[in-house]
Amino acid sequence: MVSDISLQLNPFANQGGILAQIISALMYLSFILFIFFGQKIQLRMMLWEIDGTVKKLEFMRTEAKNLSLKTIKDIGKPKDDPTPTLNSLLEQFLLTPVEMDPAGIVWKLDHILDVRDAKFKDDVRRIAPEADEARLNNLENLVEASLALNTIYRVVKHFYLLGKKTSSFYVILQLQMILPIVMQEAEAILGATKAFSEGQPIGDGIGALIASKFMRGNEKRKVEKDIVVAETLIEGRRVIALKAEGPGGNVGKPGDAIRRIIEENEGKISMIVMVDAAMKFEGENSGDISEGIGAAIGGPGTEKYKIEQEALKYKIPVYAIIIKESTQDAYLPIKKEIVESADKVVERIKKLILERTKEGEALVVAGIGNTIGIAQ
Amino acid sequence: MERKPGETYLYLAVVFSLLVLAYSLWVLYSSISSYQEGQLENFYFGIIASFIGMGLAVSSLAATRKRILTIRSMASRTLTTILCGKCGFKMVRLFSVGDYIHKEIGKCQQCDGTMTITSIYAEEMKKKPR
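Note that the structure is a prediction, hence the values are computed from the model and not measured.

**Student:** With reference to specific residues and values, describe the overall build of chain B.
**Tutor:** Across its full length, chain B holds two helices and four strands. For chain B, the α and β elements follow one another from N to C terminus as α-α-β-β-β-β. A compact globule built from 130 residues would reach a C-alpha radius of gyration of about 14 Å, whereas chain B, at 28 Å, exceeds it by more than 25%. Taking all contacts inside chain B whose residues are at least 6 apart in sequence as the whole, residues at least 24 apart take part in 52%.

Here you go:
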């Protein structure tokens, strides 16, 4: 009976030759192999696929490092070879404060971030002594992008080798599941390195670009760390616009700046409008605009906390206008459709100002994001 | 124009896939000849081998095509728009290192107004007109 079925399924069986018998045997053998070793075979295939990705990440990391090195040599004109210092910068890490007692953790983290930023900038300045302030900021961004790629490569390689060593299906499976998203981010960071090396504006800078449109032609002053402020009048309302100091790559500390402005005005600020790039959902268009409530600012959360604290203290409403972008758009040179949204956002802010404030009142417009390639 | 190492790999993959496809077609032709000569074992073997080969070659070509399209769509150029604040004369050129938004870059060609960089943006490379 079984042999009858196999004869019907196998066209070679009728030929009766050795080849037909070998093929039949192979078919049964592969069936049995898949029953007993299916998961092992799947594991090997996944490892093979991850191995290719790890090699790709290694290539990307090397590309970013070489570009950093070339730019440092071109702009910074170091007397000694910057490679050892760059290698040490690419391995740098930050230890976050202990979370067991969360009271005061924001200020602890803020302090650690300040120390880290200062040290990082000093280290970059040491290997690029000839770079001016704006270019130094761009170089700092470039080295940070290389550091991010190096970290991604090291983490992915760690889990790949761990999965391989332990033959753990679940370690490998988890890694394989998140790899497409990790690779998207890595490719975007690699794209950003070119923008940072040449000082091109990136998608994340749209908030700074919009704020700069309010600041253009008005007297500017520097407040807090790397933040510039300018005042303008819109229909009798005093608009205090702020952004990170450009055109070098910079995000500054908008939280501290907003706190300072509120204190300078003795709390008499009628509203805060925050403009920032935000992650779009798949299917949405880059450059679409959305309005909301709350502090629109990313990062580790310290600046957001400061703004929320001040807003609560003086009961100031915080409005957010976001410009939708993908992760890649945020890292890569700014797209035309995102730039074109800037004037629309300016109009929306003006409308919001007229609707929500009265003549003679003061308000803050904060452009959040990396201001590389955007002056004020 | 300088070719990137990744592109060389893609072209090699295309050439290899085409070679596999050509060989598979030859095996298919041979197997049909075997059928006409009554060698059924060779016919079946040839048919299976040629179909596997053709399938792999077509799949590889399709994957390579997808990759080439992705690379082409990623290619972009960055443009700088310069505007005269007085007469509105506008100029668009390729981005050059040192450009930044709101940078004043000199006098206008049409009037004595100041030319300022008003925007810098990336644009996808358009296909060359045929």
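**Student:** Can you break down the sheet that holds strand E3 (residues 104–107) of chain B residue by residue, with the values?
**Tutor:** Residue and element names in this part refer to chain B. Strands sit in the order E2-E1-E4-E3 across an open sheet of four strands; the sheet is antiparallel. Pairing within the sheet leaves two strands with one partner each, and these edge strands are strand E2 (90–94) and E3. Looking at each pair of strands side by side, their axes are set apart by 35° on average, direction ignored. For strand E1 (residues 76–84) and E2, the ladder comprises five bridges, and the chain directions are antiparallel. Bridged to Thr-80 within E2 is Arg-93.

**Student:** Pulling in residues and values, what's your account of the domain arrangement of chain A?
**Tutor:** Looking at chain A, the domain boundaries give domain 1 (2–38), domain 2 (46–198) and domain 3 (203–367). Centre-to-centre separation of domain 1 of chain A and domain 2 of chain A, based on C-alpha positions: 53 Å.

**Student:** Would you mind going over the domain arrangement of chain B in detail, with residue names and values included?
**Tutor:** Reports often express the size of an interface as the amount of accessible area lost when the parts come together. Assigned domains of chain B: these are domain 1 (5–74) and domain 2 (76–124). Computed over C-alpha atoms only, the centres of domain 1 of chain B and domain 2 of chain B are separated by 51 Å.

**Student:** Explain helix H3 (residues 83–90) of chain A to me, using residue names and the numbers behind them.
**Tutor:** Residue and element names in this part refer to chain A. Burial in H3 covers these residues: Leu-86, Leu-89 and Leu-90. The buried side chains of H3 occupy one side of the element, clustering within an arc of 95° when seen end-on. Within H3, the exposed residues directed more than 90 degrees away from the buried face are Pro-84, Asn-87 and Ser-88. Looking at the buried residues of H3, the elements they touch are helix H2 (18–76), helix H4 (105–127) and helix H5 (133–166).

**Student:** I'd like to hear about the interface of chain B and chain A, residue by residue, with values.
**Tutor:** Contacts between the two partners involve 16 residues from chain B and, on the opposite side, 24 residues from chain A. Those elements that place two or more of their residues in the side of chain B that touches chain A are helix H2 (40–74) and strand E4 (114–124) of chain B. The leading source of residues in the side of chain B that touches chain A is E4(B), at five residues.

**Student:** Could you give an account of unusual backbone geometry, naming the residues involved and the relevant values?
**Tutor:** Cis rather than trans, the peptide bond between A:Gly246 and A:Pro247 has omega equal to 10°. Its identity is not glycine, yet A:Lys315 carries a phi of approximately 55°, on the positive side. Judged by the 7 C-beta atoms lying within 10 Å of it, A:Lys315 falls in the exposed class. With a phi angle near 80°, B:His102 is a residue other than glycine that sits in the positive phi range. Here B:His102 is to be found in the loop between E2 and E3.

**Student:** So what's going on with the sheet that holds strand E7 (residues 362–367) of chain A? Which residues, and what values?
**Tutor:** Residues and elements named next belong to chain A. If you trace the seven strands from one edge of the open sheet to the other, you get E1-E2-E3-E7-E4-E6-E5, paired in mixed fashion. Bordering the open sheet on either side are strand E1 (220–223) and strand E5 (289–293), each of which pairs with just one other strand. Taking the axes of each pair of neighbouring strands and ignoring which way they run, one obtains an average angle of 25° across the sheet. By the bridge criterion, five bridges tie strand E3 (residues 237–244) to E7 in an arrangement that is parallel. Each bridged residue has a counterpart across the sheet, and for Ile-240 the counterpart in E7 is Val-364. Running over the sheet, helix H7 (residues 206–215) touches E1, strand E2 (227–234), E3, strand E4 (271–279), strand E6 (318–325) and E7 and is turned about 140° from E3.

Basis of the calculations
For every chain, the first residue of its written sequence is number 1, and the numbers climb from 1 along that sequence. Here the convention is simple: chains get letters from A, ligands get numbers from 1, in the order in which they are written. At least 70 in pLDDT is required for a residue's local features to be given in this predicted model, at least 80 for side-chain atom pairs to be given and counted, and no such filter applies to totals for whole chains, interfaces and linings, which use all residues. To qualify as a helix, a DSSP run of H or I must reach at least 4 residues; to qualify as a strand, a run of E must reach at least 2; elements of each kind are numbered from the N terminus. With C-alpha atoms as the basis for the radius of gyration, the globule rule is written as 2.2 Å multiplied by the number of residues raised to the power 0.38. We call two residues in contact if the C-beta atoms placed from their backbones are at most 7 Å apart. In this description, strands pair whenever DSSP reports at least two bridges between them. Angles run from 0 to 180 degrees between N-to-C directions of axes, and those axes are lines fitted to C-alpha atoms, restricted for helices to the stretch in contact. All the domain ranges listed were derived from an automatic or database domain assignment. Exposure criterion: with C-beta atoms placed from backbone coordinates, a residue whose C-beta has 20 or more other C-beta atoms within 10 Å is buried, one with 12 or fewer is exposed, and one in between is partly exposed. Arc definition: it is the arc formed by the directions from the helix axis to the C-beta atoms.

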